[in-house]
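Remarks on the overall topology
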Amino acid sequence: MSTPAENLTRAEYARCDPALWLVSLFRTMYRGRRPGGLTIEHEHNGLKLKFNVWRALDARDQSVLLATIALAGVLDRQELHAGIRHCRAQQLWQRLQPEDLALMDQAIVVKTTRYALLQAAGMADGKAEYNRLEDCLERLSMVGCRARKDGYDWSMRLLSYAETPEGQLHIALNSRLAEALSGHHVYVSLVERRALLSDAAQLTHAWLSAWLRQGASNSIRLDRLAEKVWGPPSKSIATNRKRRERIGKALADIGKLQGWQVQIEGRGATAKASIKRPRLIERE
């Protein structure tokens, strides 16, 4: 079963949970062996988030997750919960490994194809990309997320997935990702993302899209922004300087997107960027 072309065209924005997307889960593309067994913590408005990452995630993994969320916003989707009876749906729910209050939540299932997912992610559709897509889905499905706040305790994996005998791909998104589709969310433009060629620019754009409201402006030090892409500062001054330069180039690319405005002031560790994001015009 194919995904209608008009739905692929409409998959222009991903409605994302701001708490999840302000976490620096993704890094620039890994070459060779990836780090494993990572724990990443983040606090958002008093909500303490903890992520257990089986294998480090990169910009391609982020593209696949954003594409899945975007397709969930335009395709028919099925609710998923503990009481679901369909065999495949039960399997998807169990693979999300809900615990504590997550057991009472509802996830959703997106029904699509690997081809549609590659197209929405801005990836090619050759054999190598299909293999990379499988690797991305596996890594994303192994990410555990736990949220705590004032007695609230919730735990669930980011997603789970399964393929039907007909070759259709069913992807279950956890309840926090599902709630953002109709509740409080931030927009990440896939159209803008596909215009950015470097991993650093794509990762920076996704973080800024969660940090800045549409039409809003703010300023941030380049070194702090670099931490959102590469993690904690390096002990090497030269490495930190190189990261700062790459963030500057990423911001220059973002500044070329329609409606974005970027101005960098200062030099070295004191350099900061003033950024304005365009207002969103959402198509019906």
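Here is a short report on the structure shown in this document. What you are looking at is a predicted structure, and each value in this text was computed from that prediction instead of being measured. Position numbers for residues start from 1 in each chain and track the written sequence from start to end. Only residues with pLDDT of 70 or above have their local features reported here, since the model is predicted, and side-chain atom pairs are shown and tallied only from 80 upward, although totals for entire chains, interfaces and linings are computed over all residues. Note that the side-chain values use all heavy atoms of the structure and ignore hydrogens as well as water.

**Here's the deal with the overall build of the protein**
This is how the line gets drawn: Secondary structure follows DSSP: runs of H or I at least 4 residues long count as helices, runs of E at least 2 residues long count as strands, and numbering of each begins at the N terminus. Throughout, exposure labels follow a simple rule: accessible area from a 1.4 Å probe, protein chains only, divided by the maximum for the residue type, with under 20% read as buried, over 50% as exposed, and the rest as partly exposed. Throughout, a residue-residue contact means that at least one pair of heavy atoms, one from each residue, lies within 4.5 Å. For the area figures, the Shrake-Rupley method with a 1.4 Å probe applies, and any residue is considered shielded solely by the protein chains shown. The charge count treats Lys and Arg as positive and Asp and Glu as negative. His and the chain ends do not count. We put the charge of a Lys on NZ, of an Arg on CZ, of an Asp on CG and of a Glu on CD.
Counting its secondary structure elements, the protein contains 11 helices and 16 strands. Along the first, second and third principal axes, the C-alpha atoms of the protein reach 60 × 45 × 40 Å. When each of the 284 residues of the protein is scored for burial, the buried share is 52%. In the protein, once contacts between residues fewer than 6 apart in sequence are set aside, the share between residues at least 24 apart is 69%. When the accessible area of the protein is evaluated, it comes to approximately 14200 Å², of which 45% is carbon and sulfur surface. Side chains of the protein give 44 positive and 31 negative charges; the mean places of these two sets differ by 6 Å.

**Let's talk about the environment of asparagine 52**
Worth spelling out the cut-off: Any N or O atom pair separated by 3.5 Å or less is treated as a polar contact, with the protein-specific requirement of one donor-capable and one acceptor-capable atom, and with residues adjacent in sequence counted only for side-chain atom pairs.
Among the secondary structure elements, asparagine 52 is positioned in strand E4 (residues 47-55). On the basis of relative accessible area, asparagine 52 is assigned to the partly exposed category, the value being 41%. The spacing of asparagine 52 and glutamate 265 is 213 residues in sequence and 37 Å in space, taken between C-alpha atoms. Those residues within four positions of asparagine 52 in sequence are excluded, and the remaining contacts are Leu38, Thr39, Met142, Val143 and Gly144. Among the polar contacts made by the side chain of asparagine 52, one reaches the side chain of threonine 39 at a distance of 3.3 Å.

**A short note on the nonpolar core**
What counts, and what does not: In this text, buried Ala, Val, Leu, Ile, Met, Phe, Trp, Tyr and Cys residues form a nonpolar core when linked through side-chain atoms within 4.5 Å.
Core analysis: the biggest nonpolar cluster contains 91 residues, and Trp21, Phe51, Leu65 and Leu80 have the highest contact counts within it. Tallying contributions element by element places helix H3 (residues 59-72) first for this core, with nine residues. Apart from residues no more than four positions distant in its own chain, leucine 80 is found in contact with Ala89, Leu92, Trp93, Leu96, Asp105, Gln106, Ala107, Ile108, Val109 and Ala172.

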